[in-house]
Amino acid sequence: MASDGFTTRPVYMGTHGVLAAGHYLAAHAGQLMFDRGGNAIDAVVAAGFALNLLKPHLNGPGGEVPLLVYSAKEEKVFSISGQGFAGKAETVEWFHDAGIDIVPGDGFLPATVPAMFGSWAFALLRFGTLTLKDVLQPAIDLAESGFPVYPGLRRAIVGLAERFRTEWPSSAAVYLPGDRVPAVGDVLKNPDFAATLKKAVEVEAREKKRGREDAIQAVIDWWYKGEVASTIVDFMKTPIRDASGKKHAGLLTLEDFAAWKPNLEPPVTVDYHGLSVYKCGPWTQGPVFLQQLRLLDGFDLVKLGHNTATYIHTVIEAAKLAFADREKYYGDPDFVDVPLKLLLSKDYAAERRELIDPKKASLEMRPGAGPKSTPEDVKGKPETFRGDTTHTCAVDAAGNMVAATCSGGWIPSSPVVPGLGFPMGTRGQIFRLDPHEASVVGPRRRPRTTLTPSLMLRDGKPYMVFGTPGGDQQD
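Presented here is an overview of the structure given in this document. From a predicted model like this one, the values you see are computed outputs, not experimental measurements. (Residues numbered from 1 in each chain as written. Predicted model: local features only at pLDDT ≥ 70, side-chain atom pairs only at ≥ 80, totals over all residues. Heavy atoms only, no water.)

1. What about the pattern of salt bridges?
Close approach of charged atoms allows side chains of opposite charge to pair. By the definition in use, this model includes 24 salt bridges. Glu167 is the salt-bridge partner of Arg241, the closest N and O atoms lying 2.5 Å from each other. Of this pair, Arg241 sits in strand S6 (residues 240-241) while Glu167 sits in the loop between helix H6 (151-166) and helix H7 (169-175), placing them 74 residues apart in sequence. A relative accessible area of 35% means that Arg241 is categorised as partly exposed. Taking the relative accessible area as the measure of exposure, Glu167 reaches 29% and is therefore partly exposed. (Salt bridge = Lys/Arg side-chain N within 4 Å of Asp/Glu carboxyl O. Helix = DSSP H or I, 4+ residues; strand = E, 2+ residues; numbered from the N terminus. Buried < 20%, exposed > 50% of the residue type's maximum accessible area, 1.4 Å probe, protein only.)

In C-alpha cells:
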C-alpha cells in the first residue's frame, strides 16, 4: 500500500479560485468561469444557474437566493436581497375571507415574485466580469443535452409521480419521460428550460451595444416586465388544488413582477473571537446566528470541552433564546421595526445569558424585552413536501468572496410553467396570518426566509465563506 498520502478524494488546489456547489456538474460550471478568467462572482452565478436545473427538487428559478459578497476592490461586504415579495393583493383579510387559516405550503397562493433569476443577474452585473451568456451557457448545455439522474432526484420524482400524472401534466412532461420515473443514470433533459435561458442570451446580445451592465439589466427587465412574467401570471390564472384542500389561482400580477427589483442592502455583523461574521438582515433568520454568538461569547466553550454534554446543552439553550427572538421580532425591515441594535448588543446578550440554566433545559418560548409567548401549535398542519436547500460559494485569488443559499421554486411546489421549464415557489408559506406578528403577510412584503449564507473576515481580510447546503448527502 502506498504511503504518499493520496486518497480517492484528493485536496482540490488551484491558483485562481475555488468553488463549492451542491452538485458536481454545477461546480464544474463555476470552474469553467475561472478558466475563462472570471472572478468568484462569475463562478458562483454560473454554478447557481446550473443548480437551478440540476437540483430541481431543492431549488429553481421560481425561488429565491440571498447572497453575501465581499468585494476585494471595495474592501466591503454587501448583501443582495434575493427574496421576492408578496403580491399587492395578498392581505390577512384576503386569506381570512377565503377561509384559509394557514398559508398553504404548495400551489399558487404562497408564490412570491421569483427573485432567483434577477438576483443572479444582478450579482453578475454589480460584481462580476463576464457576460450573462458566459455564465448561462453551462446550464443551457446541460438542459439541452441532459444530465444523469441521481438517487436523491429520483426519490423526489418517485414521491411526486402520482400528482404529476393526475394533476400537473406539465411537470410530468419534464420529469416522467415516457410516462415513467427515470432510473438512476438515465439522462434527463429540459428543453423549455434551455429555451428560456437562450432567449435571455438573445436579449443580452441585442442590447450589447449599450455595454455589459446595461445589456444584463435589459435581460432583468425582460424577465420581470416582459415575456417570462406574462407567461407565469397567465399560467397561474387557472386554479389548482393546494394544501388547503381547495383550488386557488395565483395572486401575483404583472404589476407585482414589474415592481420587484434586486438591490443591495447592508449586511448584519458581529465580532466573535477576532472574526467578523456577516449575515443578511432580519428578512432572513441570519441574525439568529449572530445572536447565538453574542450569547456564547460569555461562556468558555473550550473549557467545557467540544461536544461534551455541557457544551451541547449550552449551545442548544443559546439557540432557543435566539430563535425565540426571531419569532417575535424578525420580519421585512422595510415594514417592521426590527430592534437589531438591541438584539445584537452585548448588554442584551448578558441579560439573556442569565436565563440559561446549566443543568436544566427550557421548554418555553422566551423572547426578550417583552412578555413570554407560547410556541405555535403545529399539529394538524396540512402535509406538504418537506424540502431543503442547496448552496454555492467561492473565493478567488483577488480576495473576492461570495456565498449564496438557493432554495424554493422546487418541483413539489406547483406545476412546471409550460414553455419556461420550471415551477413557481412557495416561500410565502412562512407568512403568518396574525396581524400582530412581525412576519405577517402583506402587500409587497418579503416573507422571513430561513436561508442564511455567511461570510467571515479576520482583520478586514477574507477568512471563510460558508452556508447551509442541506439536501441529500448521497447525491
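The discussion continues.
2. Focus: the packing of helix H2 (residues 40-54) against helix H5 (residues 132-145)
Axis separation between H2 and H5 bottoms out at 9 Å; the angle between their running directions is 25°. Considering the angle they form, H2 stands roughly parallel to H5. Here H2 runs over H5; the crossing is right-handed. Facing Asp42, Val45, Ala46, Phe49, Ala50, Leu53 and Leu54 of H2, the residues of H5 in contact are Leu132, Val135, Leu136, Ala139, Leu142 and Ala143. The residue inventory of the contact of H2 with H5, partitioned by class, reads twelve nonpolar, no polar and one charged. (Axes fitted to C-alpha atoms, helices over the stretch in contact; angles between N-to-C directions. Parallel < 35°, antiparallel > 145°, perpendicular 65-115°, else oblique. Left-handed = near helix turned anticlockwise from the far one by under 90°. Contact = heavy atoms within 4.5 Å. Nonpolar A, V, L, I, M, F, W, Y, C, P; charged D, E, K, R; others polar.)

3. Brief notes about the packing of aromatic side chains
If you walk through the whole model with that rule in mind, you get eleven aromatic pairs. Arranged with centres 5.1 Å apart and planes meeting at 80°, the rings of Trp94 and Phe95 form a pair that is edge-to-face. Judged by relative accessible area, which is 0%, Phe95 ranks as buried. Taken together, the ring pairs connect Phe49, Phe117, Trp120, Trp222, Trp223 and Phe422 into an aromatic cluster. Arg126 extends its terminal NZ or CZ atom over the ring of Phe78, reaching a point 5.1 Å from the ring centre. For Arg458, the ring lying beneath its charged end belongs to Tyr463, and the centroid distance is 4.8 Å. (Phe/Tyr/Trp six-rings, centres within 6.5 Å; stacked < 30°, edge-to-face > 60°. Lys NZ or Arg CZ within 6 Å of the ring centre and 35° of its normal.)

4. Observations regarding the pairing of strand S12 (residues 401-406)
The element S12 is largely enclosed, with a buried count of six among its six residues. Both faces of S12 are covered, namely the face carrying Met401, Ala403 and Thr405 and the face carrying Val402, Ala404 and Cys406. One ladder, built from four bridges, connects strand S2 (residues 67-71) with S12; its direction is antiparallel. By the bridge assignment for S12, Leu67 is matched with Ala404. With six bridges joining them, strand S11 (residues 390-396) and S12 adopt antiparallel strand pairing. The partner of Thr392 across the bridge, within S12, is Ala404. Hairpin connection of S11 to S12: four residues between the antiparallel strands, including Gly399 at a positive phi of 105°. (Pairing = 2+ DSSP bridges.)

5. Re empty space enclosed by the protein
Tallied over the full model, the rule gives three cavities of 30 Å³ or more. The volume enclosed by the largest cavity comes to roughly 60 Å³. Lining the largest cavity we find 15 residues, and of these Asn52, Pro56, Tyr175, Gly421 and Phe422 sit closest to its centre. Empty space within the second largest cavity amounts to approximately 40 Å³. Gln291, Arg294, Leu295, Leu321, Asp325, Leu343, Tyr348, Ala349 and Arg352 together form the lining of the second largest cavity. Of all elements in the fold, only helix H12 (286-296), helix H14 (309-329) and helix H16 (346-353) reach the threshold of two or more residues within the lining of the second largest cavity. Classifying every residue of the lining of the second largest cavity by side-chain character gives five nonpolar, one polar and three charged. (1 Å grid on protein atoms, 1.4 Å probe; cavity = no way out; pocket = protein on both sides within 12 Å on 5 of 7 lines; lining within 4 Å. Points joined across faces, edges and corners; volume = space filled by probe spheres on them.)

6. Considering the pairing of strand S10 (residues 275-279)
By the criterion of burial, S10 is predominantly enclosed, with five of the five residues buried. Side chains of S10 alternate between two faces, with Leu275, Val277 and Lys279 and Ser276 and Tyr278 buried alike. Sheet analysis places strand S9 (residues 268-272) next to S10, joined by five bridges and oriented antiparallel. Directly across from Thr269, in S10, lies its bridge partner Tyr278. Linking two consecutive strands that pair antiparallel, namely S9 and S10, is a turn of two residues; a positive phi of about 50° is found at His273 within it. By the bridge criterion, four bridges tie S10 to strand S13 (residues 454-458) in an arrangement that is antiparallel. Note on S13: the bridge partner recorded for Leu275 is Arg458.

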